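Remarks on the overall topology
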Amino acid sequence: MAAEPDAGPLYRRVLALVDELRLAESAPPAERRPVLQFQSPAQLAQQLPLTLGEPLPDESALLQLCRQVASYSVRTSDFRFRNQLYGGVDQYGLAGALLTECLNTNQHTFEVAPAFILCEAAVLEHVRQLIGWQDGDGIFAAGGSMANQYGLALARYHRHPEVKARGLFGRRPMVVFTSEDAHYSILKAAHWHGYGHDNVLAVPTDECGRMRPDALEAAVTRALAEDREPLVVNATCGTTVLGAFDPLPEIADICHRHGLWLHVDACWGGSALLSRRWRPVLAGLERADSVAWNPHKMLGAPLQCSLFVTRHAGLLHRCNAAAATYLFQQDKFYDVSFDTGDKSVQCGRKVDGFKLWLMWKAHGDAGLERRVDATFAAAGYCADQVAQRPGFRPVLASPQCANVCFWYVPPSLRGQEETAAWWERLSQVAPRVKEAMVRRGSLMVGYQPLPHKQLVNFFRLVFTGVPEMGPAEVDYMLDEIDSLGRDL
Ligand SMILES: Cc1ncc(COP(=O)(O)O)c(C=O)c1O
């Protein structure tokens with residue numbers, strides 16, 4: 001256990017606590033603490049002294065409070081946390097996050113964030129080069145949902161710059177096309193941007209969850225026939241549940257034919273850019289107008305670390321600038337093109353780019369490539385196990401990204417006719433196993449139904465690059481699901 005300073009400012013004692021928590025994460029499996037200590041909201045509210053008013057007597061009491069909050073928090077850096085599309089934290093990213101928190105800087109002008117502005121620009125340029133663009137622009141955003149919003153905003157500004165001044169009044173509805181398996185952030189964005197949910201056309205997907213180009217073409221034709229204006233296609237590289245990669249070349253052809261903006265939500269699968277082996281799943285990405293990517297997912301950059309890039313230089317600024325004279329004075333004594341904050345929809349913005357920049361400096365292209373390859377390899381091993389183990393049934397023949405989707409069929413349901421009633425009973429298995437794992441604190445794996453594909457509740461085990469996982473960890477997780485579910 002790391003020594004905890006018993007005097008000095010609270011932040012220093014908290015840093016020692018951080019050290020202790022990090023050390024605990026690398027303990028041998030037998031000595032690991034549960035991944036969480038579940039309490040119901042009412043129980044937890046009893047445990048924590050939540051009410052505010054009087055100050056606590058001293059720093060030791062505050063430290064005690066921090067310990068208590070940490071002990072009730074989910075240990076997302078433990079390999080057993082497989083609940084969403086993120087997991088452990090890269091140590092260099094963490095160092096970057098600590099430094100930026102400590103410097104408490106706003107990433108809007110060169111004046112207040114000189115080094116961070118240059119670091120952000122360097123990462124964005126490197127990413128654009130990886131995509132294959134010689135030119136363009138970009139910005140770090142407050143999460144992938146927000147990065148997708150940048151895509152929709154740019155799409156409209158590119159076609160109708162006058163909307164920025166006049167609004168949407170009196171126009172034909174503009175239509176956003178996205179697959180039925182795409183992330184829900186597109187729906188939310190459609191509301192915020194004034195398109196409306198009804199003007200998001202959900203394009204059907206194939207059996208693997210990939211957008212069907214023929215269905216996209218049909219949806220565009222339908223929108224035109226209804227006197228609506230096709231505007232933008234959101235293609236997904238790495239869908240949230242099935243991990244599907246939409247076929248970009250075919251989609252780009254359709255966009256080209258109809259003059260549509262192509263935004264690619266590569267928030268999850270975009271990390272394949274870093275791997276020579278896996279880059280082909282992103283074929284056609286260079287034809288996109290804009291791309292969103294979340295290094296806080298597969299790469300293990302600390303949350304949040306999301307970026308948006310476009311191949312259209314200058315557009316981001318023209319689209320979003322409001323030219324606040326108190327912040328973005330044009331008569332400053334340095335090159336004000338480095339005051340990049342006016343490209344953003346935010347005023348104050350956290351320094352997220354630096355975390356990734358530092359990670360990249362530490363690992364290099366080759367180190368990050370190894371991380372991506374290891375992630376896909378762990379998912380591949382898991383998929384093989386799921387295909388072989390009694391009681392495990394894959395949802396897809398093979399995973400496309402690092403999502404492994406499967407049903408667990410308990411012995412009581414094996415070898416029976418698979419009637420509607422059987423599927424109904426199977427749909428109750430994943431929620432019950434999930435409850436058991438959370439109460440035991442032994443594992444956290446997500447589950448969901450996909451009603452549009454008539455798929456009842458199934459597990460989605462997602463792999464991320466940090467912590468690195470091998471057969472032992474995968475076997476532990478599948479064994480645990482088996483042990484929690486076998487008596488159902
Ligand atoms: C494909 C995809 N796009 C976008 C997002 C949204 O990212 P964020 O959670 O950073 O808003 C997610 C989240 O899981 C996602 O899976």
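The residue count restarts for each chain, going from 1 along the sequence in the order it is written. Note on the predicted model: pLDDT of at least 70 is required for a residue's local features to be given, and 80 or more for side-chain atom pairs to be given and counted; whole-chain, interface and lining totals, by contrast, use all residues.

**Considering the overall build of the protein**
Think of it this way: any DSSP run of H or I at least four residues long counts as a helix, any run of E at least two long counts as a strand, and we number them from the N terminus. Helix and strand counts for the protein stand at 15 helices and 12 strands. Along the three orthogonal principal directions, the C-alpha set of the protein runs to about 65 × 60 × 45 Å. Partly exposed residues are those whose C-beta has more than 12 but fewer than 20 other C-beta atoms within 10 Å; 20 or more makes a residue buried and 12 or fewer makes it exposed, with C-beta atoms placed from the backbone. Within the protein, buried positions represent 43% of all 488 residues. For the protein, the share of sequence-separated contacts (at least 6 apart) that also reach a separation of at least 24 residues comes to 72%. Here, residues touch in the contact sense if the C-beta positions derived from the backbone fall within 7 Å of one another.

**Let's talk about the nonpolar core**
Think of a nonpolar core as buried Ala, Val, Leu, Ile, Met, Phe, Trp, Tyr and Cys residues, each tied to the set through C-beta atoms within 7 Å. One finds Val176 and Leu262 to be the most contacted residues of the largest nonpolar core, which totals 127 residues. Here this core gets 14 residues from one element, more than from any other, and that element is helix H12 (residues 353-388). Of the residues that make up this core, three or more belong to each of domain 2 (98-360) and domain 3 (372-485). In this structure, Val176 is in contact with Leu152, Ile186, Ala190, Tyr195, Asn199, Val200, Leu231, Val232 and Asn234, ignoring residues within four places of it in sequence. Where each domain begins and ends follows an automated or database-derived domain assignment.

**A word on the sheet that holds strand S9 (residues 392-394)**
Strand order in the open sheet made by the 5 strands is S1-S11-S12-S10-S9, with mixed pairing throughout. Where the open sheet ends on each side, the last strands, each with one partner, are strand S1 (81-82) and S9. Paired strands are those between which DSSP finds at least two bridges. Bridge count for S9 against strand S10 (residues 403-408) is 3 bridges, and the pairing is antiparallel. Following the sheet pairing, Pro394 is matched in S10 by Phe406. Between the N-to-C directions of two axes lies an angle of 0 to 180 degrees, each axis being a line fitted to C-alpha atoms and, for a helix, fitted only over the stretch in contact. Across the sheet, H12 lies against S9, S10 and strand S12 (455-462), angled at about 20 degrees from S10, the strand it touches most. Along the sheet, helix H14 (residues 429-440) makes contact with S10, strand S11 (444-450) and S12, crossing S11 at roughly 160 degrees.

**Some points on unusual backbone geometry**
Both trends apply: most residues other than glycine have a negative phi, and most peptide bonds are in trans. Here the residue pair Leu303 and Gln304 is connected by a cis peptide bond, since its omega of -5 degrees sits within 30 degrees of zero. Across the junction of Val466 and Pro467, the peptide omega takes the value -10 degrees, indicating a cis bond. At Asn104, a position not held by glycine, the phi torsion is positive, near 45 degrees. With respect to the helices and strands, the residue Asn104 is situated in the loop between helix H4 (91-103) and helix H5 (114-131). Residue classification places Asn104 among the exposed positions, given that 8 C-beta atoms sit within 10 Å. The backbone phi angle of Ala323 is positive, close to 50 degrees, even though this residue is not glycine. Mapped onto the elements of the fold, Ala323 is located in the loop between helix H11 (315-320) and H12.

**So, the environment of Ala97**
Its location among the elements puts Ala97 in helix H4. Between the C-alpha atom of Ala97 and that of Leu356, which follows or precedes it by 259 residues, the distance is 9.5 Å. Each residue touching Ala97, except ones within four places of it in the same chain, is listed here: Pro302 and Lys355.

**Notes on the sheet that holds strand S5 (residues 229-236)**
With mixed pairing, 7 strands are arranged side by side in an open sheet as S2-S8-S7-S6-S5-S3-S4. On the outer flanks of this sheet lie strand S2 (137-141) and strand S4 (200-203), each paired with one strand and no other. Neighbour to neighbour, the strand axes of the sheet diverge by 20 degrees on average, direction disregarded. The sheet contact formed by strand S3 (residues 174-179) and S5 spans 5 bridges and is parallel. Across the sheet, the residue bridging to Val175 is Pro230, located in S5. On top of the sheet, helix H9 (residues 213-225) reaches S3, S4 and S5; it is set at about 150 degrees to S4, its chief contact. Of the strands in this sheet, S5 and strand S6 (261-265) touch helix H10 (residues 248-258), which is tilted by about 165 degrees from S5.

**Things to note about H10**
Within the sequence span of H10, burial applies to Leu248, Ile251, Ala252 and Cys255. End-on, the buried residues of H10 take up no more than an arc of 100 degrees, which puts them together on one face. Looking at H10, the residues exposed on the side facing more than 90 degrees away from the buried face are Pro249 and Arg257. Looking one or two places after H10, you find Gly259, whose phi comes out positive at around 65 degrees. For this quantity, the arc is that covered by the directions from the helix axis to the C-beta atoms.

**Things to note about the packing of H14 against helix H15 (residues 471-485)**
Two elements in contact, H14 and H15, have axes separated by 9 Å at closest approach and are oriented at 105 degrees. Relative to H15, the element H14 is oriented roughly perpendicular. Here Val429, Val433, Ala436 and Met437 of H14 come into contact with H15, specifically with Glu480, Ile481, Leu484 and Gly485. As a working rule, the residues Ala, Val, Leu, Ile, Met, Phe, Trp, Tyr, Cys and Pro are called nonpolar, Asp, Glu, Lys and Arg charged, and the rest polar, with Gly in that last group. Residues belonging to the contact of H14 with H15 are distributed by class as follows: 6 nonpolar, 1 polar and 1 charged. In these notes the angle categories are as follows: under 35 degrees is roughly parallel, over 145 is roughly antiparallel, 65 to 115 is roughly perpendicular, and the rest is oblique.

**What about the site of the ligand?**
All residues are tested the same way: a C-beta atom is placed from the backbone, and lying within 6 Å of a molecule or strand makes the residue near it. Around the ligand, the surrounding shell holds 16 residues, and the nearest of these are Gly143, Gly144, Ser145, His183 and Thr240. In terms of residue class, the shell around the ligand is built from 3 nonpolar, 12 polar and 1 charged.

**Re the pairing of S4**
Here 4 bridges tie S3 to S4, and the two strands are oriented parallel to one another. Bridged to Phe177 within S4 is Leu201. For crossovers, right-handed means that the path from the first strand over the helix to the second runs clockwise, given strands pointing away from the viewer. In the classification by handedness, the crossover that spans S3, the intervening helix H8 (residues 185-192) and the parallel S4 is right-handed.

**With respect to the packing of helix H6 (residues 144-159) against H8**
Close contact between H6 and H8 brings their axes to 9 Å; oriented N to C, the two are set at 50 degrees. Relative to H8, H6 is oriented oblique. In the crossing of H6 with H8, the sense of the turn from one axis to the other is right-handed. Between H6 and H8, the contacting residues are Gly144, Ser145, Asn148, Gln149 and Leu152 on the first element and Ser185, Ile186, Lys188, Ala189 and Trp192 on the second. For the contact of H6 with H8, the class distribution of residues is 4 nonpolar, 5 polar and 1 charged. A clockwise turn of the near helix away from the far one marks a right-handed crossing, whereas an anticlockwise turn of less than a right angle marks a left-handed crossing.

**Overview of the domain arrangement of the protein**
In terms of domain boundaries, the protein breaks down into domain 1 (1-33 + 37-70), domain 2 (98-360) and domain 3 (372-485). Taking only C-alpha atoms, the centre of domain 2 and the centre of domain 3 are 32 Å apart. The interface of domain 2 with domain 3 comprises 21 residues on the first partner and 18 residues on the second. For the side of domain 2 that touches domain 3, the residue count by class is 12 nonpolar, 6 polar and 3 charged.

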